[in-house]
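Residue-level structure breakdown
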Amino acid sequence: MDDSGQGKRTDVLLVQDREQFDRLVLPHLRAAFNLARWLLRSREDAEDVTQEALLRAFRFFSGFRGSDARAWLLQIVRNTCYTWMEKNRSMDSSVEFDESLHLSPLPGPEAQAVAGSERERLTKALEQLSPRSREVLVLRELEGCSYKEIATITSMPIGTVMSTLARGRERLQQLLTRPGTKEAVHDV
Amino acid sequence: MTCDASRSVLHAYLDGELDAPGAAEFEQHLEGCTSCTRTLEAQESLRSTIQRSQLYEPLPLDLENKIRRQLRESSAPATRKKIYAWRWLAAAAAIILLVGVSWKVLPKFRANSDLSTSAAAAEIVDAHIRSLQPGHLTDVTSTDQHTVKPWFDGKVPFAPPVRDFAEEGFPLIGGRLDVLQGQTVAALVYGRRKHFISVFVFPEHGEESEKYSGAKNGYQWISWRQGELRLCAVSDTNRDDLAALKDLISR
């Protein structure tokens, strides 16, 4: 290696960095996978993207100065998910995603009784929300994040977090209580 | 406060995100507003349904181990423990090889080996940078192609094209095993003036036309197909050198 090469080697992380990374970041792997699964709506895709995100986080780790490793990691996971969605299914990641056009009716009451549990219905309903609503709901309800943390992770202003959450919950409620009716949607 | 104005506030109230005066104001509004009271009750019930449903996705069993392994591979050992690190690397390579023999990862790798994706390209550059750590450059150090080529026998299920190009200005330095996207690959190491060039070799099936090149952090890479193998040369030397080496290898 010549001198210019030596300079480049400084960005290679040492074992000490990995120990730090193991201690601070890896405990949030569950949260990372959960967010990826709900954003991508697939366990398999989430597994790939989580791995990619963790390696990416590790590469950027020397730049991590903050105190909240979970928010930092989830931010990277989220960005990796959106990049992945753009590449693989451009429809899903569209900011302009209009739920009123994309809502498909859930099975009627009888079918639901047969189809199974509350959990399945809820999963289906959540998966019909836009990625933006879904991520905010998952961060709030499953991850227990504060509005401020959600704002950090999603790079949205707190006001937007609040309104996205309100809209997401209202839609979720509609999907669960009025299955199969589309009229319920256009007034929101 | 109107019901319209309270729409988001209701959710902030539900989430305990209002300050004391804000909460008091909203509670005052609630007393006189049956519509908001109903909405709040419905949302509270939705929340308990969500909590009850245990939607938190369980972690796949082996994901954490997989990630730990990848992190180990992409971090460099401390310099003074060079020898132990080398032995550890050899042990890791052996384990990976055992896994690799079953080739369970191969179909997945084929689907993902598209070097036009930045993730795959970054990984190749990273693997090269990693190899520049002390003790990592080669597993078999020899300028003799007749030593390097047989070394790969039984270690990878394909025969990498090993030739020395010392006369053309690209002396063969050795070879090693590396891991890209979970697959064991062969890496040949050539010298070029004061630079090192890693040439990664792994099997690839399907269409043969693709040829890629790119740069990242001052490292250049070019990649091409040769029969059933994909080759990818990475270095901090200039692209002309890489192209010249490619021509030599594919000659």
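Because the structure is predicted, anything quoted here is derived from the model rather than measured.

Reading guide: rules and limits
Residues numbered from 1 in each chain as written. Chains lettered and ligands numbered in written order. Predicted model: local features only at pLDDT ≥ 70, side-chain atom pairs only at ≥ 80, totals over all residues. Helix = DSSP H or I, 4+ residues; strand = E, 2+ residues; numbered from the N terminus. Buried ≥ 20, exposed ≤ 12 C-beta atoms within 10 Å, placed from the backbone. Contact = placed C-beta atoms within 7 Å. Nonpolar A, V, L, I, M, F, W, Y, C, P; charged D, E, K, R; others polar. Core = buried A, V, L, I, M, F, W, Y, C linked by C-beta atoms within 7 Å. Arc of directions from axis to C-beta. Axes fitted to C-alpha atoms, helices over the stretch in contact; angles between N-to-C directions. Parallel < 35°, antiparallel > 145°, perpendicular 65-115°, else oblique. Left-handed = near helix turned anticlockwise from the far one by under 90°. pLDDT = per-residue confidence, 0-100. Pairing = 2+ DSSP bridges.

Moving on, we come to the overall build of chain A. Helix and strand counts for chain A come out as twelve helices and zero strands. When the helices and strands of chain A are placed in sequence order, the string is α-α-α-α-α-α-α-α-α-α-α-α. Considering chain A as a whole, with its 188 residues, one finds that 36% of them fall into the buried category. Of all intrachain contacts in chain A linking residues separated by at least 6 positions in sequence, the fraction that spans at least 24 positions is 67%.

What follows is about the interface of chain B and chain A. At the interface, 38 residues of chain B touch 39 residues of chain A. Those elements that place two or more of their residues in the side of chain B that touches chain A are helix H1 (6-14), helix H3 (34-52), helix H4 (63-74) and helix H7 (118-131) of chain B. A breakdown of the residues in the side of chain B that touches chain A according to their chemical character gives 17 nonpolar, eleven polar and ten charged.

What follows covers the nonpolar core. Across soluble globular proteins, nonpolar side chains show a tendency to be buried alongside one another. Ranked by internal contacts, the top residues of the largest apolar core, which has 52 residues, are Ala32(A), Leu35(A), Ala36(A) and Val77(A). Looking at this core, the elements with two or more residues in it are helix H3 (29-40), helix H4 (43-60), helix H5 (69-88), helix H10 (131-142), helix H11 (147-154) and helix H12 (158-177) of chain A together with H1 and H4 of chain B. The element contributing the most residues to this core is H5(A), with nine residues. Counting 35 residues, the second largest nonpolar core, distinct from the first, contains Ala121(B), Phe152(B), Val199(B) and Ile222(B).

Turning next to the environment of Trp221(B). Residue and element names in this part refer to chain B. Relative to the assigned elements, Trp221 resides in strand S6 (residues 219-226). The exposure class assigned to Trp221 is buried, which follows from the 23 C-beta atoms found within 10 Å. C-alpha of Trp221 to C-alpha of Thr237: the two residues are 16 residues apart in sequence and 9.6 Å apart in space. In this structure, Trp221 is in contact with Ala121, Ile124, Val125, Ser213, Gly214, Cys232, Ala233 and Val234, ignoring residues within four places of it in sequence.

All names here are of chain A. If you check which residues of H11 are buried, you get Tyr147, Ile150, Ile153 and Thr154. Buried residues in H11, looked at end-on, bunch into an arc of 125°, giving them a common side. Immediately downstream of H11, the backbone of Ser155 shows phi near 55°, a positive value.

Residue and element names in this part refer to chain A. As a packed pair, H5 and H11 sit with axes 8 Å apart at the nearest point and diverge in direction by 45°. The angle between H5 and H11 places the two elements in the oblique class. For H5 against H11, the interelement crossing comes out right-handed. Here Ala71, Leu74, Gln75 and Arg78 of H5 come into contact with H11, specifically with Glu149, Thr152, Ile153 and Thr154. Split into classes, the residues belonging to the contact of H5 with H11 amount to three nonpolar, three polar and two charged.

Next up on the list: the confidence of the model for chain B. All names here are of chain B. For chain B, per-residue confidence averages 81 on the pLDDT scale, and 82% of positions sit at 70 or higher. The element-level mean pLDDT for chain B is lowest in helix H6 (residues 106-112), coming to 43, with helix H2 (residues 20-31) highest at 92. In this model, residues 102-113 is a region of pLDDT below 50 whose contacts with residues beyond four sequence positions or in other chains number 15 contacts. Interface confidence for the predicted complex, given as ipTM, is 0.76, next to a pTM of 0.53.

Moving on, we get to the sheet that holds S6(B). Residues and elements named next belong to chain B. The seven strands lie next to each other as S1-S2-S3-S4-S7-S6-S5, forming an open sheet whose pairing is antiparallel. The sheet is open, and its two edges are formed by strand S1 (140-141) and strand S5 (212-216), each paired on a single side. One ladder, built from seven bridges, connects strand S4 (residues 195-203) with strand S7 (residues 229-235); its direction is antiparallel. If you follow Ile197 over to S7, its bridge partner there is Ser235.

In this section: unusual backbone geometry. A negative phi angle characterises most non-glycine residues, just as the trans form characterises most peptide bonds. Positive phi outside glycine occurs at Arg41(A), with the angle close to 60°. Checked against the element boundaries, Arg41(A) lands in the loop between H3 and H4. At Arg193(B), a position not held by glycine, the phi torsion is positive, near 50°. Within the fold, Arg193(B) resides in the loop between strand S3 (183-192) and S4. Judged by the 9 C-beta atoms lying within 10 Å of it, Arg193(B) is exposed.

Taken N-terminus to C-terminus, the directions of H12(A) and H1(B) make an angle of 90°; their axes are 9 Å apart at the nearest point. The pairing of H12(A) with H1(B) is recorded here as roughly perpendicular in orientation. Residue-level contacts link Met162(A), Ser163(A), Leu165(A), Ala166(A) and Arg169(A) of H12(A) to Arg7(B), Ser8(B), His11(B) and Ala12(B) of H1(B). Of the residues in the contact of H12(A) with H1(B), the class split is four nonpolar, three polar and two charged.

Attention now goes to the pairing of strand S2 (residues 172-180) of chain B. Residue and element names in this part refer to chain B. In terms of burial, S2 is largely enclosed, as eight of its nine residues are buried. The pairing of S1 with S2 spans two bridges and is classified as antiparallel. Its bridge partner lying in S2, Val140 is registered against Gly175. As paired strands, S2 and S3 are joined by eight bridges and run antiparallel to one another.

With that settled, consider the pairing of S5(B). Sheet topology note: the S5(B)/S6(B) ladder contains five bridges and is antiparallel. Looking at the pairing, Ala215(B) lines up with Gln220(B) of S6(B).

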